[in-house]
Amino acid sequence: MQTCRFFVMLFVFLKKIRSLELKKLIETISGLVDKVLSRSIVVSVAGIGFAVQVANPLKFIKDEAIKLLIFWVWNAEKGPALFGFQTELERNVFAMLLECPKIGPQISLQVLAQESAAKILQILALGDEHALATFSGIGPKKAKSMVGELQDKAAKLLTELG
């Protein structure tokens with residue numbers, strides 16, 4: 001009964017603060033992989049199972065101890081969703097992709113499932129619309145928009161990485 005009350009209080013709290021920068025509310029999650037699903041994993045932390053969407057769920061092994069960097073997205077219809085990444089670069093590329101119009105978290109995650117974060121940055125920095133259009137969920141129009149929106153940001157991030 002107390003667990004149920006906790007979740008009700010957490011939900012009320014989250015609804016009140018949804019206008020804040022939720023991506024900074026939870027920075028990391030460390031725990032054991034409880035379930036591996038088709039688009040996500042469940043990470044068990046102190047008896048609470050967090051559903052975390054990841055690019056490649058099949059890379060995770062049940063009962064494996066993990067630490068994920070988290071990016072939190074609020075959807076008006078669905079509520080909060082947690083997206084997990086194994087590196088800071090993956091999380092930064094995910095966030096950068098979300099800045100592009102008509103690119104949501106699912107498409108961003110699909111792109112990261114198909115190529116490494118570093119390679120995605122290189123493709124964007126080079127302005128390679130053809131390469132972007134080969135990713136599932138991205139056609140020629142979205143690829144052109146992505147290059148226009150993100151080419152300079154990707155080049156800057158690549159420079160910072162060295």
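Residues numbered from 1 in each chain as written. Predicted model: local features only at pLDDT ≥ 70, side-chain atom pairs only at ≥ 80, totals over all residues. Heavy atoms only, no water.

## Structural notes on the overall build of the protein chain
Keep this limit in mind: A helix here means a DSSP run of H or I that spans at least four residues, while a strand means a run of E at least two residues long, and both kinds are numbered starting from the N terminus. For every residue, the accessible area obtained with a 1.4 Å probe (protein chains only) is divided by the maximum for its type, and the residue is called buried under 20%, exposed over 50%, and partly exposed between those limits. Should any heavy atoms of two residues lie within 4.5 Å, those residues are considered in contact. Note on areas: Shrake-Rupley with a 1.4 Å probe; residue coverage comes only from the protein chains shown.
Looking only at helices and strands, the protein chain features six helices and five strands. Sequence-ordered secondary structure for the protein chain, helices as α and strands as β, is α-β-β-β-β-β-α-α-α-α-α. In the protein chain, buried positions account for 35% of the 162 residues. Long-range pairs, those at least 24 residues apart, make up 52% of the contacts in the protein chain with a sequence separation of at least 6. Counting every atom, the protein chain has about 9800 Å² of accessible surface; 57% of that belongs to carbon and sulfur.

## Description of the pattern of salt bridges
Note the threshold: Should a side-chain nitrogen of Lys or Arg be within 4 Å of a carboxyl oxygen of Asp or Glu, the pair is scored as a salt bridge.
For the coordinates displayed, the defined rule picks out five salt bridges. Between Arg91 and Glu27 there is a salt bridge, with its nearest N and O atoms 2.6 Å apart. Here the residue Arg91 occupies a position in helix 2 (residues 88–98), and Glu27 occupies one in the loop between helix 1 (2–17) and strand 1 (28–36), the gap between them amounting to 64 residues. When salt bridges that share partners are traced, they join Glu27, Glu88 and Arg91 into one network.

## As for the sheet that holds strand 4 (residues 65–75)
Sheets are built from strands that pair by backbone hydrogen bonding, the pairs being arranged parallel or antiparallel. Here is the rule: Strand pairing is assigned whenever DSSP detects at least two bridges linking the two strands. Angles run from 0 to 180 degrees between N-to-C directions of axes, and those axes are lines fitted to C-alpha atoms, restricted for helices to the stretch in contact.
Sheet architecture is closed into a barrel: five strands sit in the order 1-2-3-5-4, paired in mixed fashion. Sheet twist, expressed as the mean angle between neighbouring strand axes with direction ignored, is 55°. Looking at chain direction, strand 4 and strand 5 (residues 79–85) are connected through seven bridges and run antiparallel. Bridge assignment links Asn75 to a residue of strand 5, and that residue is Gly79. Sheet strands in contact with helix 2 are strand 4 and strand 5, and its direction is about 10° off that of strand 4.

## Focus: the packing of helix 2 against helix 6 (residues 140–161)
The cut-off we apply is this: Under this scheme an angle from 65 to 115 degrees is roughly perpendicular, one under 35 degrees roughly parallel, and one over 145 degrees roughly antiparallel; angles in between are oblique. When the near helix sits turned anticlockwise from the far one by under a right angle, the crossing is termed left-handed; a clockwise turn instead gives a right-handed crossing. Three classes are used, and their members are as follows: Ala, Val, Leu, Ile, Met, Phe, Trp, Tyr, Cys and Pro are nonpolar, Asp, Glu, Lys and Arg are charged, and the others, Gly among them, are polar.
Packing of helix 2 against helix 6 leaves a shortest axis separation of 10 Å and a crossing angle of 160°. Comparing the axis directions of helix 2 and helix 6 gives the class roughly antiparallel. Read as a crossing pair, helix 2 and helix 6 show a hand that is right-handed. For the pair formed by helix 2 and helix 6, the contact residues are Leu89, Asn92, Met96 and Leu97 on the first element and Met146, Leu150, Lys153, Ala154, Leu157 and Leu161 on the second. Partitioned by chemical class, the residues of the contact of helix 2 with helix 6 number eight nonpolar, one polar and one charged.

## Notes on the side chain of Gln53
Rules: We call two N or O atoms a polar contact when they sit within 3.5 Å, provided that within protein one can donate a hydrogen and the other can accept it, with sequence-adjacent residues counted only if both atoms are side-chain atoms.
Counting through the fold element by element, Gln53 comes out in strand 3 (residues 48–53). Polar side-chain contacts of Gln53 include one of 2.7 Å to the side chain of Gln106. Filtering out sequence-adjacent residues up to four positions away, Gln53 remains in contact with Arg39, Ser40, Ala81, Leu82, Phe83, Gly84, Gln106 and Leu109.

## Remarks on helix 4 (residues 117–126)
Just so we agree on the cut-off: Starting at the helix axis, one direction is taken to each C-beta atom, and the arc is that of these directions.
For helix 4, the full list of buried residues reads Ala117, Ile120, Leu121, Ile123 and Leu124. Take helix 4 and look down its axis: the buried residues cluster within an arc of 160°, on one side only. Once helix 4 finishes, Gly127 follows within two positions and takes phi at roughly 70°, a positive value.

## Details of helix 6
Inclusion rule: Working definition for bend: take the seven residues up to and ending at a residue and the seven starting at it, fit an axis to each, and measure the angle between the axes.
At Leu150, helix 6 shows its maximal bend, which comes to roughly 55°. Where the residues of helix 6 are buried, they touch helix 2, helix 4 and helix 5 (129–133). In the stretch just after helix 6, Gly162 is the one whose phi turns positive, near 90°.

By themselves, these observations are geometric and do not establish any function.
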